[in-house]
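Below are the chains, spelled out letter by letter.
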Amino acid sequence: MAVVAQLSPSSYTETTRLSSSQLSLSSTHLSSLRRRAFRPIIGPRNPTISCSVNQVQAPVAVEQDDPKSKTNDCYGVFCLTYDLKAEEETKSWKKMVNIAVSGAAGMIANHLLFKLAAGEVLGPDQPIALKLLGSERSLQALEGVAMELEDSLFPLLREVKIGINPYELFEDAEWALLIGAKPRGPGMERAGLLDINGQIFAEQGKALNAVASRNVKVIVVGNPCNTNALICLKNAPSIPAKNFHALTRLDENRAKCQLALKAGVFYDKVSNMTIWGNHSTTQVPDFLNARINGLPVKEIIKDHKWLEEGFTETIQKRGGLLIKKWGRSSAASTAVSIVDAMKSLVTPTPEGDWFSSGVYTNGNPYGIAEDIVFSMPCRSKGDGDYELVKDVIFDDYLRKRIAKV
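The name an unreviewed UniProt entry assigns to the protein chain is Malate dehydrogenase [NADP], chloroplastic, from the organism Citrus sinensis. Taken directly from UniProt, the Subunit (unreviewed entry) text for the protein chain runs: "Homodimer."

Observations regarding the environment of Asn98
Secondary-structure assignment places Asn98 in strand S6 (residues 97-102). Asn98 sits in the buried class, given a relative accessible area of 14%. Here the alpha-carbon distance between Asn98 and Ala129, two residues 31 residues apart in the chain, equals 4.8 Å.

Here we look at the sheet that holds strand S12 (residues 270-271)
Strand order in the open sheet formed by three strands is S12-S15-S16, with antiparallel pairing between adjacent strands. Only two strands of the sheet have a single neighbouring strand rather than two, namely S12 and strand S16 (295-296).

With respect to empty space enclosed by the protein
Where empty space is left in the structure can be found by rolling a water-sized probe over the atoms. Enumeration according to the criterion identifies two cavities of 30 Å³ or more in this entry. Around the largest cavity, the lining residues are Ile219, His245, Ala246, Leu247, Thr248, Arg249, Ala341, Ser344, Leu345, Phe355, Ser356 and Ser357. Secondary-structure elements contributing two or more residues to the lining of the largest cavity are strand S11 (244-246), helix H10 (332-346) and strand S17 (355-360). Looking at the lining of the largest cavity residue by residue, the classes come out as six nonpolar, five polar and one charged. The two domains that each donate at least three residues to the lining of the largest cavity are domain 1 (76-246) and domain 2 (248-403). As a volume, the second largest cavity reaches approximately 50 Å³. Lining the second largest cavity, in full, are Val284, Pro285, Asp286, Phe287, Leu288, Thr312, Asp395, Tyr397 and Leu398. Elements supplying a minimum of two residues to the lining of the second largest cavity: strand S14 (284-286) and helix H11 (396-404).

Some details on H10
Since the α-helix turns once every 3.6 residues, residues separated by three or four places project in the same direction. End to end, H10 covers 22 Å across 15 residues, agreeing with the expected 21 Å (1.5 Å per residue, within 8%). Looking only at H10, the buried set comprises Thr334, Ala335, Ser337, Ile338, Val339, Ala341, Met342, Ser344 and Leu345. On the buried face of H10, the contacting elements are helix H2 (107-117), strand S9 (175-178), strand S10 (217-220), S11, helix H7 (249-263) and S17.

Some remarks on the packing of aromatic side chains
Geometry of an aromatic ring pair is reported as the spacing of the ring centres plus the angle between the planes. Applying the stated criterion across every chain yields a total of eight aromatic pairs. Taking 5.5 Å as the distance between ring centres and 50 degrees as the angle between the ring planes, the aromatic pair formed by Trp276 and Phe394 counts as tilted. Here Trp276, found in strand S13 (residues 274-276), pairs with Phe394, found in the loop between strand S19 (387-388) and H11; they are 118 residues apart in sequence, far enough to count as distant. Overall, Phe394 belongs to the partly exposed group, its relative accessible area being 24%.

Quick word on the environment of Gln204
Structurally, Gln204 can be placed in helix H5 (residues 194-211). Separated by 26 residues in sequence, Gln204 and Leu178 have C-alpha atoms that sit 8.6 Å apart. Beyond its immediate stretch of four places on either side in the chain, Gln204 contacts Ser102, Leu133, Phe170, Leu178 and Cys232.

Thoughts on the packing of H2 against H10
At a closest axis distance of 7 Å, the pairing of H2 and H10 adopts a crossing angle of 40 degrees. Our classification of the angle between H2 and H10 gives oblique. The way H2 lies across H10 gives a crossing that is right-handed. The residues of H10 that touch H2, namely those facing Ile108, His111, Leu112, Lys115 and Leu116, are Ala332, Thr334, Ala335, Val336, Ile338, Val339 and Met342. Looking at the contact of H2 with H10, its residues break down into nine nonpolar, two polar and one charged.

Looking at the side chain of Asn228
Relative to the helices and strands, Asn228 is located in helix H6 (residues 225-234). Judged by its relative accessible area of 0%, Asn228 is buried. A polar side-chain atom of Asn228 sits 3.3 Å from the main-chain carbonyl oxygen of Asn223. Leaving out residues up to four positions away in the same chain, Asn228 has contacts with Leu194, Asn197, Gly198, Phe201, Val220, Gly222 and Asn223.

Topic: the packing of H7 against H10
Where H7 meets H10, the closest approach of the two axes is 8 Å, and the angle between their N-to-C directions is 105 degrees. Overall, the two elements H7 and H10 adopt an arrangement that is roughly perpendicular. Across from Arg249, Leu250 and Asn253 in H7, the residues of H10 making contact are Ser333, Thr334, Ser337, Asp340, Ala341 and Ser344. Partitioning the contact of H7 with H10 into residue classes produces two nonpolar, five polar and two charged.

Remarks on helix H3 (residues 139-151)
Compared with the 18 Å implied by 1.5 Å per residue over 13 residues, the 19 Å span of H3 between its first and last C-alpha is a close match. The inward-facing, buried residues of H3 abut H2, strand S7 (128-133) and strand S8 (157-163).

What about unusual backbone geometry?
With an omega of -5 degrees, the peptide bond between Asn223 and Pro224 qualifies as cis. Inspection of the secondary structure assignment puts Pro224 in the loop between S10 and H6. Of note in this structure, Leu153 is not a glycine but carries a positive phi near 55 degrees. Mapping Leu153 onto the fold places it in the loop between H3 and S8. Exposure remark for Leu153: the relative accessible area of 63% places this residue in the exposed category.

Details of the pairing of S9
Of the two faces of S9, the one carrying Trp175 and Leu177 and the one carrying Ala176 and Leu178 are both buried. Judged from the four bridges that link them, S6 and S9 form a sheet pairing that is parallel. Residue pairing in the sheet places Ala100 in a bridge with Ala176 of S9. Bridge analysis of S9 against S10 gives four bridges, and the strand direction is parallel. Each residue of the ladder has a partner; that of Leu178, found in S10, is Val220.

Basis of the calculations
Residues numbered from 1 in each chain as written. Predicted model: local features only at pLDDT ≥ 70, side-chain atom pairs only at ≥ 80, totals over all residues. Heavy atoms only, no water. UniProt positions renumbered as here; feature names shortened; annotations may be inferred. Helix = DSSP H or I, 4+ residues; strand = E, 2+ residues; numbered from the N terminus. Buried < 20%, exposed > 50% of the residue type's maximum accessible area, 1.4 Å probe, protein only. Pairing = 2+ DSSP bridges. 1 Å grid on protein atoms, 1.4 Å probe; cavity = no way out; pocket = protein on both sides within 12 Å on 5 of 7 lines; lining within 4 Å. Points joined across faces, edges and corners; volume = space filled by probe spheres on them. Nonpolar A, V, L, I, M, F, W, Y, C, P; charged D, E, K, R; others polar. Domains from an automatic or database assignment. Expected span 1.5 Å × (residues − 1). Contact = heavy atoms within 4.5 Å. Phe/Tyr/Trp six-rings, centres within 6.5 Å; stacked < 30°, edge-to-face > 60°. Axes fitted to C-alpha atoms, helices over the stretch in contact; angles between N-to-C directions. Parallel < 35°, antiparallel > 145°, perpendicular 65-115°, else oblique. Left-handed = near helix turned anticlockwise from the far one by under 90°. Polar contact = N/O pair within 3.5 Å; in protein donor to acceptor, adjacent residues only side chain to side chain.

Written as C-alpha cells, this is what we have:
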C-alpha cells in the first residue's frame, strides 16, 4: 500500500509521522511477532491521505494541544512493536538502549546514525532506539533521515522517533549526543557562538534533567562544546556532573595522525595522546606524555621545535583550515570521533593507555581550576564511567601551556 500525505506548512510545527510501504506485511510469521502500535497524528494539521489501493480521500480531524504536552510519534515501519523474545535470532540480544541525538538532520548525524544503527558502537547484540531531535526548519529533512534508516534494514534498529521537543525525545534516554548547534562559519571564533548556543544547551539540560535516565551519558558536540557542556550540566542537577562530556576526541585523532606522519608510522602505533583544555585554538596537544611504539614521542621525533610549534599549531588550527578548504565544518571525521568517544566508555581502556575527553574538573589531580569542563586524560573499565589518569608527567612547557588555557 503506498500512502501519500499532503501536509500544510503549519504541520511542521510538531512531531510528525509518515506512513511507509514497508508497513504492508503479508507474512503470517511476521504478523505473529509484531503488532501495529500506531499513535494518533499530533499537531495543528489537516492532511489529505491518498491510498493507491482504494483511492479513498479522507480528511483527518485532529485536536490542537499545548506543544509541551505532545507525545512524540514513531516513524513508519518503526511504529511496529517487536517481540524480541519470540524471534530466534534475538534471544541473545541485550535490553534495548535509548539514544537521543540532537541536530539529527545535520551532516554529522547523517554519518553517525548509520554507524549507531549498524552496531558499530554498542555491538552486534545491542538493539537500539533512536530518538531524533530537530527543529521546525529541519523537520522535513528529519523525515528523510528516518526514511533512509528505514530503507537500510538495520536489524538492531528497533525504534525511531522524530520531533522538535526535547522533553519528548529525551525521555528515558541512556545516551544523549548533543550535536545540534549553530555551526561555526569562515572567520568565526567559537566564542561568538556562545550567546546563541548557550540558550539551546540550557534548555536541553533542563529537558535531560526532567525526563532522561538518571545515568544518562551526555556527549556535547555543538561548539563551543566545553562551555555548552558546562551550561548543560548546570541545568541538569539530578544527573551526575561526571556523566557530561565535551567532545575533544576529534582533536586527539588529529594529533595522533600528525605524530604518525612525522614519525613515518601508522597511526595505530600512537598512544597516550592527551588534549588538554578546550576544543579550540587554545587547546594543548600533549606530546610529552604521548608514545609511539611504546616509547616517548620526544625519543622518536627529535625535532622538538616542530613539536612545540608546528605540531601544536597544526592541531589547534586544523578545524579552521578544513573550513577554509571545504567551506564548512568537519562532519564525517566528527562522527567517527563521536563513535570513538562512546566506544572508549563502553570498552575497557587498553592497559597503560588513555583517551581524552572534556569532563568536569572537580576533584582533578592536576591543579586545574574546579567547576569548569576541561579536556583531560581518562581511563574506563568499559562500564560507561571513567577515572582521571594520575600517572602523567609535566614539564615547564606543558604547565605554562595548560595555565594559558
